[in-house]
Amino acid sequence: MAEFWRQEHWIFRGLFLAIALALLFVRLLPLGSAPGAMPGPDLLICVTLAWIVRRPDFLPMPLILLVFLAEDLILFRPPGLWAAIVILATEFLRSRIALTRELSFPVEWLLVSGVMLGMMLAYRTILGIAFVPQAPFGFAVVQVLWSIAVYPVVVGLSRLALDLRKPATGEVDDFGRRL
């Protein structure tokens with residue numbers, strides 16, 4: 001039983017939840033919300049995608065669903081739509097972990113950038129089909145471009161501060177399971 005709580009999986013899951021709550025709290029603060037202001041990056045998406053590419057076993061799908069569904073409800077977005085798109089994107093990346101393990105960072109950055117753009121287009125398309133009012137297209141594009149630009153910083157901070165890295169080919173954990 002003691003080994004169960006010493007697993008680093010639980011530490012990183014709790015850390016991800018704490019980071020998500022902190023980012024959501026900061027997002028709710030009335031800082032720089034003047035009309036016409038430039039949108040900032042979606043740091044929660046950057047953290048989620050960086051961690052999924054690095055160590056998909058640290059972020060199970062129910063945890064991601066819980067975090068993004070809560071974000072949808074708190075930010076008054078259509079409940080579950082963004083969460084479903086994020087789940088599809090993370091599972092797409094998770095299913096390609098053998099490929100992404102061997103990719104250099106610029107190629108990984110390009111892959112994640114394409115996923116971010118696809119997520120934004122899918123979200124806006126579904127909202128457009130449902131005739132839901134949405135922010136101007138340029139606003140969404142600028143936010144995605146900021147997110148793409150900040151992704152390397154998030155990866156670097158995850159590596160330096162948390163030692164979150166891609167496992168090497170053939171690396172095993174403490175229990176002898178392949179990573």
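Please refer to the structure higher up on the page.
This write-up is about the structure you can find in this document. (Residues numbered from 1 in each chain as written. Predicted model: local features only at pLDDT ≥ 70, side-chain atom pairs only at ≥ 80, totals over all residues. Heavy atoms only, no water.)

All right, on to the overall build of the protein then. The helix and strand tally for the protein stands at eight helices and zero strands. Going from N to C terminus, the protein has its helices and strands arranged as α-α-α-α-α-α-α-α. Every one of the 179 residues in the protein was classed for burial, and the buried ones make up 37%. Within the protein, contacts between residues separated by at least 24 positions form 73% of all contacts whose residues are at least 6 apart in sequence. Approximately 10200 Å² of the protein is accessible, and the part contributed by carbon and sulfur atoms is 74%. (Helix = DSSP H or I, 4+ residues; strand = E, 2+ residues; numbered from the N terminus. Buried < 20%, exposed > 50% of the residue type's maximum accessible area, 1.4 Å probe, protein only. Contact = heavy atoms within 4.5 Å. Areas by Shrake-Rupley, 256 points an atom, 1.4 Å probe, with all protein chains shown as cover.)

Let us now look at the nonpolar core. The nonpolar side chains of a soluble globular protein tend to be buried, and buried together. Among the nonpolar cores identified, the biggest contains 41 residues, and Phe 68 and Met 116 are the most heavily contacted of them. At the level of secondary structure, the elements contributing two or more residues to this core comprise α2 (8–28), α3 (43–54), α4 (61–74), α5 (81–95), α7 (105–129) and α8 (137–162). The dominant element in this core, judged by the number of residues it contributes, is α3, at nine residues. Those residues in contact with Met 116, other than ones at most four positions away along the chain, are Ile 45, Cys 46, Leu 49, Val 144, Ser 147, Ile 148 and Tyr 151. (Core = buried A, V, L, I, M, F, W, Y, C linked by side-chain atoms within 4.5 Å.)

Summed over the entire model, instances satisfying the criterion amount to six aromatic pairs. Ring plane angle 5° and centroid distance 6.2 Å describe the contact between Phe 105 and Tyr 151, whose orientation is recorded as stacked. Taken together, the residues Phe 105 in helix α7 and Tyr 151 in helix α8 connect sequence positions 46 residues apart. (Phe/Tyr/Trp six-rings, centres within 6.5 Å; stacked < 30°, edge-to-face > 60°.)

On to a nonpolar patch on the surface, then. Residues Phe 25, Val 26, Leu 29 and Leu 31 make up a contiguous nonpolar surface patch of roughly 400 Å² in combined accessible area. Of note, Leu 29 is situated in the loop between α2 and α3. Here Leu 29 falls in the partly exposed class, since its relative accessible area comes to 33%. (Patch = residues over 30% accessible without salt bridge, like charges linked within 9 Å, V, L, I, M, F, W, Y side chains within 5 Å. Salt bridge = Lys/Arg side-chain N within 4 Å of Asp/Glu carboxyl O.)

So, on to the environment of Thr 48. Counting through the fold element by element, Thr 48 comes out in helix α3. Setting aside residues up to four positions removed in sequence, Thr 48 forms contacts with Phe 16, Leu 59, Ile 64, Phe 68 and Thr 90.

Turning next to the pattern of salt bridges. For the structure shown, the criterion picks out nine salt bridges. Put simply, Asp 42 and Arg 27 hold a salt bridge, and the shortest N to O gap is 3.9 Å. In this pair, Asp 42 is assigned in the loop between α2 and α3 and Arg 27 in helix α2, connecting sequence segments 15 residues apart. As a salt-bridge pair, Arg 159 and Asp 163 come within 2.4 Å of each other at their nearest N and O atoms. Arg 159 gets classed as partly exposed once you look at its relative accessible area, which sits at 38%. Residue Asp 163 is classed as partly exposed on the basis of its relative accessible area, which comes to 48%. Salt bridges linked by common partners bring Arg 27, Asp 42, Glu 71, Asp 72 and Arg 77 together as one network.

This next bit is on α3. In a regular helix each residue adds 1.5 Å, so 12 residues correspond to 16 Å; α3 covers 16 Å between its end C-alpha atoms and thus fits that length. Burial runs high along α3: 11 of the 12 residues are buried. The complete set of buried residues in α3 reads Leu 44, Ile 45, Cys 46, Val 47, Thr 48, Leu 49, Ala 50, Trp 51, Ile 52, Val 53 and Arg 54. Looking at the buried positions of α3, the neighbouring elements they touch are α2, α4, α5, α6 (97–102), α7 and α8. (Expected span 1.5 Å × (residues − 1).)

Another aspect to go through is α8. The end-to-end C-alpha distance of α8 is 35 Å, a good match for the 38 Å that 26 residues give at a rise of 1.5 Å each. Maximal helix bending in α8 amounts to about 35°, located at Val 150; proline Pro 152 follows within four positions. Taken as a whole, α8 has its buried residues at Ala 140, Val 144, Ser 147, Ile 148, Val 150, Tyr 151, Val 154, Val 155 and Ser 158. Of the surrounding secondary structure, the elements contacted by the buried residues of α8 are α3 and α7. (Bend = angle between axes of the 7 residues up to and from the residue.)

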